[in-house]
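Chain by chain, the residues:
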Amino acid sequence: MKPTTVSWAAANARRMARQWLTAPAPEGTDPAEIAARMLGAHAQIASAAELSLALRAHGATRATVRHAVTRDHTLVRTFGPRGTVHLLPSADLPWWTGALSALPEDVGGFAPDVRMTPAQTDDVLAALADALTGAELTVDELTEAIVRRTGPWAADPVMPAFQTLWPRWRQVTHTAAHRGVLAFGADRGRKVTYTNPGCVPADATASLARLVDRYLRAYGPAGAPDFALWAAAPKAWAVDLFASLAAQGRIEEVTFAVAPVATARPSGPPYVASGDTAFPDEPARGVRLLPYFDAYVIACRPRELFFPGAAATRALAGGQAGNYPVLLIDGVVAGVWHQRRTGRRIAITVEPLAPLGATHRRALEYEAERTAAILEGAAALTVGTVTVGPHA
């Protein structure tokens, strides 16, 4: 049977619709359901994560997302894909940790005099699990608790970070989160705390299959190298994983017609989840303002089509997506934007890469007003040059 042929326009339209970027989800939709569709919301910048989730549901605000984290506990803040801070659905944490803990670890990431031995790693993970059970501890409190359980070596200041040195044990923070024994607790003033979410990782094989399935339903068609970049996993490992899932009939190959973009690099055979071969006939339409590190911006490939022409120069930072909030027009990056808050006034500056027609200008005005409402403020829109550099 000839593989299904999928155009860029059809793939982009389906991704947009499934991300609730074509039309927001119904009012009252739990932010956790939205995060599940997105495969998590990047939350290194808390306000960006709040906007990222809330803009995808009618009537949602940043408070809606905060309540999901702090009151309803349907979202948990933890270290997700790529070792970066994410908001993930609490109900999905067992299979998320099952998948993330199964990803190959980069054992060569630290210098020999910094790197912990496997035995030391196990000791610290056990200490973390014990110290954080039923508690919310700051980094300093956690360091003291780990030293009591392991020894002073765990606190050796050997890890360069932000013009200072972190204690040795912090190199396994991501690993602890991926093993299900560490997540963020409630902030204590300006200090973050950590807690033990009490999560037992699900079976690794089943969890990895589920992660690939969710990834392809959200961002497919995509190849194994695309998944490897998204997950920060070795390419060869991802190729083997996709080949195994294809042999089991869990995923199927399609033809992704991305020509005539000569610069689009091949990313291996493109796949979709098995049987998930329906795509829209109409291309994506509309104007959206997406915040820093929005999941759609990070995962959407090929980059050459999602960041066409001047967008690759203006909206990427060293080839990395997410460092600029982006203006989407009809499903592709068409500019950058920035917001600055003074009280309730939210000054939104949007820099389109081409002149806006009347229809797109009206849509942008509406989007700016909606963005400010989500942030619980009032919009003041300027169409002009964004002078703020990329987020570090």
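Placed above this text is the structure.
The structure displayed is predicted, hence computed values, not measured ones.

Parameters and conventions
- Residues numbered from 1 in each chain as written.
- Predicted model: local features only at pLDDT ≥ 70, side-chain atom pairs only at ≥ 80, totals over all residues.
- Heavy atoms only, no water.
- Salt bridge = Lys/Arg side-chain N within 4 Å of Asp/Glu carboxyl O.
- Helix = DSSP H or I, 4+ residues; strand = E, 2+ residues; numbered from the N terminus.
- Buried < 20%, exposed > 50% of the residue type's maximum accessible area, 1.4 Å probe, protein only.
- Expected span 1.5 Å × (residues − 1).
- Pairing = 2+ DSSP bridges.
- Contact = heavy atoms within 4.5 Å.
- Axes fitted to C-alpha atoms, helices over the stretch in contact; angles between N-to-C directions.

## Quick word on the pattern of salt bridges
Two side chains bearing opposite charge may form a pair once their charged atoms approach each other closely.
1) Next: The tally for this structure, following the rule as stated, stands at 17 salt bridges.
2) Next: Among the ionic pairs, Asp294 bridges to Arg56, the shortest N-O distance being 2.9 Å. Pair noted here: Asp294 is in the loop between strand S12 (287-290) and helix H12 (295-299) and Arg56 is in the loop between helix H3 (46-54) and helix H4 (62-70), with a separation of 238 residues, a long-range link.
3) Next: Residue Asp294 is classed as buried on the basis of its relative accessible area, which comes to 0%.
4) Next: In this structure Arg56 comes out as buried when scored by relative accessible area, which is 0%.
5) Next: Two residues, Arg62 and Glu376, come together in a salt bridge whose shortest N-O distance is 2.6 Å. Here Arg62 is found in helix H4, whereas its partner Glu376 is found in the loop between helix H15 (358-374) and strand S16 (378-383), with 314 residues between them in sequence.
6) Next: Where salt bridges share partners, they join Arg14, Arg18, Asp213, Arg217 and Asp276 into one cluster.

## Thoughts on helix H9 (residues 204-219)
Spacing of three or four residues puts side chains on the same side of an α-helix, whose turn is 3.6 residues.
1) Next: With 16 residues, H9 ought to run about 22 Å at 1.5 Å a step, and its terminal C-alpha atoms sit 22 Å apart, in line with that.
2) Next: When H9 is considered as a whole, its buried residues turn out to be Ser207, Leu208, Ala209, Leu211, Val212, Tyr215, Leu216, Ala218 and Tyr219.

## Concerning the sheet that holds strand S2 (residues 41-42)
1) Next: Pairing in this open sheet of 3 strands is antiparallel, and the strands run S2-S4-S3 from one edge to the other. The sheet is open, and its two borders are formed by S2 and strand S3 (75-79), each paired with just one other strand.
2) Next: Pairing of S3 with strand S4 (residues 85-89), which is carried by 5 bridges, proceeds in the antiparallel orientation. Within S4, the residue paired with Arg77 across the bridge is Leu87.
3) Next: In the packing of helix H2 (residues 31-38) onto the sheet, the strands contacted are S2, S3 and S4, and the crossing angle to S4 comes to about 115°.

Taken by themselves, the reported measurements are silent on function.
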